Amino acid sequence: TIFSSEDYDINWTTAFCVMFLRITSLCMDVADGKIPEEKMSRDQKRFAVRRMPNILEYLGFVFFYPAVLVGPTDNLSHYLAYVEGRLGCDENGRVHSSSLKAAGVCFITTVFAAIISTVLGGFFPGDLLIRPEFEALPLVLRWLRCLPMGTATFLKYSIAWGLTET
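All of these numbers come straight from a predicted model, not from anything done at the bench.

Draft legend 1. View of the overall build of the chain. Across its full length, the chain carries eight helices and two strands. Its helices and strands in sequence order give the chain the pattern β-β-α-α-α-α-α-α-α-α, from N to C terminus. Considering the chain as a whole, with its 166 residues, one finds that 28% of them fall into the buried category. Sequence-distant contacts, at least 24 apart, represent 53% of the contacts inside the chain between residues at least 6 apart. When the accessible surface of the chain is summed, it comes to about 11,500 Å², and 67% of that surface belongs to carbon and sulfur atoms.

Written out as structure tokens, the structure is:
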């Protein structure tokens, strides 16, 4: 175990699960790249990989640090646009003002999610499910307590994703 606490453990399998999803996504995009363009959906046209990435592009995509621990699973085309400096820029390399606005909204949303996660986590801690008093509750109350606890847990991942995107 890399990190262990009373309510959550992160071990080496977490990163490999995310990595597996990224590689699976790449395989699907490579398969989509072999479909004739007139038969592709809008998303397939957007994310299809028409040429195989070189080894450096592949390893950079698979081991991209901000995404390897918790995700999200971006597509290779999105990653390459980021690495090449084309993401959020026009043909002349100028950053779109909408990209700056989107980054600001993402940052503010992430801060808001951190506040909500902290508050919910205080009232509904992660070890709630293993407490004896939780087992004694009626099923409906257990469901109602799991919803905010699950939301708080999901927000932890959303915060990490938001910070890597900002």
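Draft legend 2. Seen up close, the packing of aromatic side chains. Inspection of every chain in the model, using the stated rule, returns two aromatic pairs. When the centroid spacing of 5.3 Å and the interplanar angle of 65° are considered together, the rings of Phe64 and Tyr79 count as edge-to-face. Here Phe64, found in the loop between helix H3 (55–62) and helix H4 (65–68), pairs with Tyr79, found in helix H5 (residues 76–83); they are 15 residues apart in sequence, far enough to count as distant. Look at Phe64 and you get partly exposed, because its relative accessible area is 22%. Classification of Tyr79 as buried rests on a relative accessible area of 11%. Site record: aromatic cluster; members linked through ring pairs are Phe61, Phe64 and Tyr79. One cation-aromatic arrangement involves Arg22 over Phe61; the distance from NZ or CZ to the ring centre is 4.4 Å.

Draft legend 3. Local environment of the nonpolar core. Met19, Leu26, Val30, Val49, Phe61, Val62, Val68, Leu76, Tyr79 and Leu80 together form the largest nonpolar core, which totals 10 residues. Counting only elements with at least two residues in this core, the list comes to helix H1 (12–32), H3 and H5. When neighbours within four sequence positions are excluded, Leu80 is seen to be in contact with Arg51, Glu57 and Arg86.

Draft legend 4. Inspection of the side chain of Ser117 at higher detail. Within the secondary structure, Ser117 is located in helix H6 (residues 97–123). The class for Ser117 is buried, based on a relative accessible area of 9%.

Draft legend 5. Seen up close, H5. Listed in full, the buried residues belonging to H5 are Leu76, Tyr79, Leu80 and Ala81. Backbone geometry just after H5 places Gly85 at a positive phi near 80°.

Draft legend 6. A nonpolar patch on the surface, seen in detail. A contiguous nonpolar surface patch, about 710 Å² in accessible area, is contributed by Phe107, Ile108, Val111, Ile115, Val119, Phe123 and Leu163. A total of six residues in the nonpolar patch trace back to one element, the largest contributor, which is H6. Position of Phe123 among the secondary structure elements: in helix H6. A relative accessible area of 66% places Phe123 in the exposed class.

Scoring rules and cut-offs
- Counting from 1, residues in each chain are numbered in the order their sequence is written.
- Reporting of local features is limited, given that this is a predicted model, to residues whose pLDDT is at least 70; pairs of side-chain atoms are given and counted only at 80 or more, and all residues count toward the totals for whole chains, interfaces and linings.
- As a rule here, side-chain values come from all non-hydrogen atoms in the structure, and water together with hydrogens is ignored.
- A run of H or I in DSSP becomes a helix once it reaches four residues, and a run of E becomes a strand once it reaches two; helices and strands are each numbered from the N terminus.
- Each residue is assigned to one of three classes by its accessible area relative to the maximum for its type, calculated with a 1.4 Å probe on protein chains only: buried under 20%, partly exposed between the two thresholds, exposed over 50%.
- Whether two residues are in contact is decided by their heavy atoms, any of which lying within 4.5 Å being enough.
- Here the open area of atoms and residues is found with the Shrake-Rupley method and a 1.4 Å probe, where only the protein chains shown may cover a residue.
- Two rings from Phe, Tyr or Trp (for Trp, the six-membered ring) form a pair when their centres sit within 6.5 Å of each other. Planes less than 30 degrees apart are called stacked, planes more than 60 degrees apart edge-to-face, and all others tilted.
- Whether a charge sits over a ring depends on NZ of Lys or CZ of Arg being within 6 Å of the ring centre and within 35 degrees of the ring normal.
- For the purposes of this section, nonpolar cores are sets of buried Ala, Val, Leu, Ile, Met, Phe, Trp, Tyr and Cys residues that join through side-chain atoms within 4.5 Å.
- Nonpolar side chains (Val, Leu, Ile, Met, Phe, Trp, Tyr) within 5 Å and like charges within 9 Å form the patches, drawn only from residues with over 30% relative accessible area and no salt bridge.
- For this analysis, a salt bridge means a side-chain nitrogen from Lys or Arg found within 4 Å of a carboxyl oxygen belonging to Asp or Glu.

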